[in-house]
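# Working through the structure, step by step
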Amino acid sequence: MEIINRGINLDYDSNPSFHHKFNAQLLKSHLTKKDTLLDIGCWTGQLVGLLKRHCHVVGIDIEDKPLQLAKELHPEAKFSKGSVFKIPFSNSTFSLVAFNDVIEHLPAETEKKALKEIGRVIKPGGKLLLTTMLDHPFSKIFD
């Protein structure tokens with residue numbers, strides 16, 4: 001499976017965007033301090049940075065450079081290299097999983113495999129927040 005990667009833009013990638021802030025507010029309404037949240041495709045940790053005081057949050061990404069920046073920006077948070085197709089955690093580990101603006105980057109016809117793997121790491125009764133671009137030209141062209 002080929003996943004197309006992009007470079008880091010320090011002006012954009014070191015600060016939370018409107019979408020990160022919106023998703024963080026939505027997630028906060030479902031979180032307690034006891035919860036454990038997994039941010040799949042965390043990139044440079046923008047969402048992790050917004051939620052790290054509200055629950056135990058872990059970020060994973062497939063790319064080394066963004067993860068290194070995430071660790072520098074949020075040294076108290078936990079980040080791991082990992083793919084949505086093989087999440088490096090045990091079954092039923094997380095009460096909530098964020099899968100924001102990632103599914104559109106997956107190779108065509110692999111979405112079900114990704115969602116099955118996410119289902120494996122969510123605790124019974126846990127929740128998934130999945131977002132994707134709506135009506136974006138790239139989405140129409142590529143998938």
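Residues numbered from 1 in each chain as written. Predicted model: local features only at pLDDT ≥ 70, side-chain atom pairs only at ≥ 80, totals over all residues. Heavy atoms only, no water.

This part takes up the overall build of the protein chain. When helices and strands are tallied, the protein chain shows 6 helices and 5 strands. Classification of the 143 residues of the protein chain by burial places 44% in the buried group. Partitioning the intrachain contacts of the protein chain with sequence separation of at least 6 by distance along the chain shows that 64% fall at a separation of at least 24. Only carbon and sulfur atoms are counted for the fraction: they give 57% of the accessible area of the protein chain, which is about 8500 Å². (Helix = DSSP H or I, 4+ residues; strand = E, 2+ residues; numbered from the N terminus. Buried < 20%, exposed > 50% of the residue type's maximum accessible area, 1.4 Å probe, protein only. Contact = heavy atoms within 4.5 Å. Areas by Shrake-Rupley, 256 points an atom, 1.4 Å probe, with all protein chains shown as cover.)

Turning our attention to unusual backbone geometry. Phi angles above zero are rare outside glycine, and W43 is one such case at about 55 degrees. Tracing the sequence through the fold places W43 in the loop between β1 (36–40) and α3 (46–51). In this structure, S92 takes a positive phi of about 55 degrees despite not being glycine. Looking at where S92 falls in the secondary structure, it is placed in the loop between β3 (78–81) and β4 (94–100).

Counting through the fold element by element, D39 comes out in strand β1. Beyond its immediate stretch of four places on either side in the chain, D39 contacts L47, V48, V58, G59, I60 and A98.

Counting residues in each nonpolar core, the largest one holds 18 residues, and the members touching the most others are L38, I40, V84, I87, V97, F99 and I118. Those elements that place two or more of their residues in this core are β1, β2 (56–61), β4 and α5 (111–121). In terms of nonpolar packing, the next biggest core, distinct from the first, is built from 17 residues, C42, L51, V57 and A70 among them. (Core = buried A, V, L, I, M, F, W, Y, C linked by side-chain atoms within 4.5 Å.)

Turning to a nonpolar patch on the surface, a few remarks are in order. A surface patch of nonpolar side chains, about 340 Å² in accessible area, is lined by F18, F22 and L26. You can see F18 is positioned in helix α2 (residues 18–28). We classify F18 as exposed; its relative accessible area is 61%. (Patch = residues over 30% accessible without salt bridge, like charges linked within 9 Å, V, L, I, M, F, W, Y side chains within 5 Å. Salt bridge = Lys/Arg side-chain N within 4 Å of Asp/Glu carboxyl O.)

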